[in-house]
Amino acid sequence: MSTQETESTASLYRDYARRWFPGHSELYVQWAMGLATSPELLALVSALPEHKRQPNLVFAAARFHGCPDESFRVLEAYLAAHWAGIRTIVMTHATQTNEAARCATLLPALGLVAAQEQRPLALIEVGPSAGLCLLPDLYSYSYDGAAPLGDGSPLLRCATTGNPPLPHHLPEIAWLAGVDLNPLDGTDPDTVAWLRALVWPGQEDRLERLDAALGTLAALKSGALQASAGAPLLLTGDLNERIADLVDAAPKHAVPVVMHSAVLAYLDEAQRARFADTVAALGCRWISNEAFFMDAANHAQEGPDANYFTLALDRVPLARTGPHGAELHWL
Ligand SMILES: C[S@@+](CC[C@H](N)C(=O)[O-])C[C@H]1O[C@@H](n2cnc3c(N)ncnc32)[C@H](O)[C@@H]1O
């Protein structure tokens, strides 16, 4: 293991400890800072392939394996004692966090499309993970503390500015589909445990929402909960390879809406441009909720603040959104 490689891993962990974990998970701040100063752990992590070294993946794997949410010293001993098993989890799993609360920021865009088209929607999500963002009509919403819209679970709370066009009713959804490199079955106990391990320690509200949304998905799949669109059809594959077929398969009485959140960062520039070209040529509506949006020339444009996503409809930015759905700042 070269010193340069362990130093680069240490720098990655320090970066997460300073930029990404503070304010969200104090335990992960401690763990990341501790790991950055441990030569033994840096050597273990640096021996992973580069795309598998990020702290959120390594820490989720440790917790999924059984490491308790305790001090760095506990993590240090646990990683050293169980590295072979944790390494296998890292190598066979990916960060596929599925945040149902993003539906609160997607809903106004869905409402605009429904109002403009006056037809039911066929929702086609690329990168849906377990498909929890495909159930916007089965949750309920409270914007700025107002009385809830809908009566489903979880209740998604969202603070707004800029007077967004909040819908007065939930959109009618006729069909649900998605394509993911690795679609997750949100009713499989191991998968549920992995999705739970991906929620950072200390984010109890996210864990509660995840459990509630998984409960709604399970009820839908078992038939205990009836919805006109039924359970989402989740295909395995690359979004660029399968999106045209999915749009084509949507029922003709519905308006196809391609949507995605927290996915484009996984693609390189050429893949993003290809995706944007394909969606534009398909003639469907397109809702994007990402760290950047694709402009008219299909170039990725970053928003002014890296801590926010941009919600865009057909390439037009509508709002800056909290990455986990808690904030909606209409432009
Ligand atoms: C961070 S998760 C986001 C899940 C969901 N969209 C949400 O907002 O909660 C990103 C998902 O994108 C999927 N993904 C990444 N690259 C992809 C590709 N080229 N084609 C299809 N899915 C992809 C990953 O497998 C993962 O499930």
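Quantities reported herein were computed from a predicted structural model and do not represent experimental measurements.

With that settled, consider the sheet that holds strand β5 (residues 233–236). The strand order β2-β3-β12-β11-β10-β7-β6-β1-β4-β5 describes an open sheet built from 10 strands, whose pairing is mixed. Both edges of this open sheet fall to β2 (140–143) and β5, since each of them pairs with a single strand only. Adjacent strand axes in the sheet meet at a mean angle of 25 degrees when their direction is disregarded. Relative to strand β3 (residues 155–161), β2 is paired through 4 bridges, and the arrangement is parallel. Opposite S142, over in β3, you have R157 as the bridge partner. Across the sheet, helix α6 (residues 103–117) lies against β1 (121–126), β2, β3, β6 (255–261), β7 (285–290), β10 (309–313), β11 (316–321) and β12 (327–330), angled at about 165 degrees from β7, the strand it touches most. Running at roughly 165 degrees to strand β4 (residues 173–180), helix α9 (residues 239–249) makes contact with β1, β4, β5 and β6 of the sheet.

Split into domains, the chain comes out as domain 1 (3–92) and domain 2 (100–330). On a C-alpha basis, the centroid separation for the pair domain 1 and domain 2 is 30 Å. Domain 1 puts 14 residues into the contact, and the matching count from domain 2 is 11 residues. In total, about 1000 Å² of surface goes out of reach between domain 1 and domain 2, with carbon and sulfur atoms giving 71% of it. Applying the counting criterion to the domain 1 and domain 2 interface returns 3 residue pairs in polar contact (both at pLDDT 80 or more). Elements represented by at least two residues in the side of domain 1 that touches domain 2 include exactly α2 (26–36) and α4 (55–65). The element contributing the most residues to the side of domain 1 that touches domain 2 is α4, with 6 residues.

Before going further, it helps to examine the site of the ligand. As a matter of local geometry, the ligand sits amid 20 residues, with Q96, N98, R102, D180 and S261 nearest to it. R102 places a polar side-chain atom, nitrogen or oxygen, 2.6 Å from an oxygen atom of the ligand. Within the backbone of L239, an N or O atom sits 2.9 Å from a nitrogen atom of the ligand. Contact with the protein chains removes 95% of the 610 Å² of surface that the ligand exposes when unbound. Grouping the amino acids of the shell around the ligand by side-chain chemistry returns 8 nonpolar, 7 polar and 5 charged.

A separate point is the layout of surface pockets. In this structure, the second largest pocket occupies an estimated 260 Å³ of space. If you go around the second largest pocket, you meet 15 residues; those closest to its centre are G111, A114, A115, P167 and H169.

This next bit is on the side chain of Q54. Relative to the assigned elements, Q54 resides in the loop between α3 (39–46) and α4. Sequence-distant contacts of Q54, that is, excluding residues within four places in its chain, are made with L12, Y13, Y16 and T95.

This paragraph deals with empty space enclosed by the protein. For the structure shown, the criterion picks out 2 cavities of 30 Å³ or more. Empty space within the largest cavity amounts to approximately 60 Å³. Around the largest cavity sit T97, N98, E99, A100, L195, V199, R206, R209 and L210, which together line it. Of the residues that constitute the lining of the largest cavity, the class distribution is 4 nonpolar, 2 polar and 3 charged. Considered as a void within the structure, the second largest cavity measures approximately 40 Å³ in volume. Considering the residues around the second largest cavity, the lining is formed by W286, I287, S288, F293, M294, A312, L313, D314 and R315. Elements that contribute at least two residues to the lining of the second largest cavity include exactly β7, β8 (292–294) and β10. For the lining of the second largest cavity, the element with the highest residue contribution is β7, accounting for 3 residues. When the residues that make up the lining of the second largest cavity are grouped by side-chain class, the tally is 6 nonpolar, 1 polar and 2 charged.

About the criteria used
- Residues numbered from 1 in each chain as written.
- Predicted model: local features only at pLDDT ≥ 70, side-chain atom pairs only at ≥ 80, totals over all residues.
- Heavy atoms only, no water.
- Pairing = 2+ DSSP bridges.
- Helix = DSSP H or I, 4+ residues; strand = E, 2+ residues; numbered from the N terminus.
- Axes fitted to C-alpha atoms, helices over the stretch in contact; angles between N-to-C directions.
- Contact = heavy atoms within 4.5 Å.
- Domains from an automatic or database assignment.
- Buried area = accessible area lost by both parts, 1.4 Å probe.
- Polar contact = N/O pair within 3.5 Å; in protein donor to acceptor, adjacent residues only side chain to side chain.
- Near = heavy atom within 4 Å.
- Areas by Shrake-Rupley, 256 points an atom, 1.4 Å probe, with all protein chains shown as cover.
- Nonpolar A, V, L, I, M, F, W, Y, C, P; charged D, E, K, R; others polar.
- 1 Å grid on protein atoms, 1.4 Å probe; cavity = no way out; pocket = protein on both sides within 12 Å on 5 of 7 lines; lining within 4 Å.
- Points joined across faces, edges and corners; volume = space filled by probe spheres on them.

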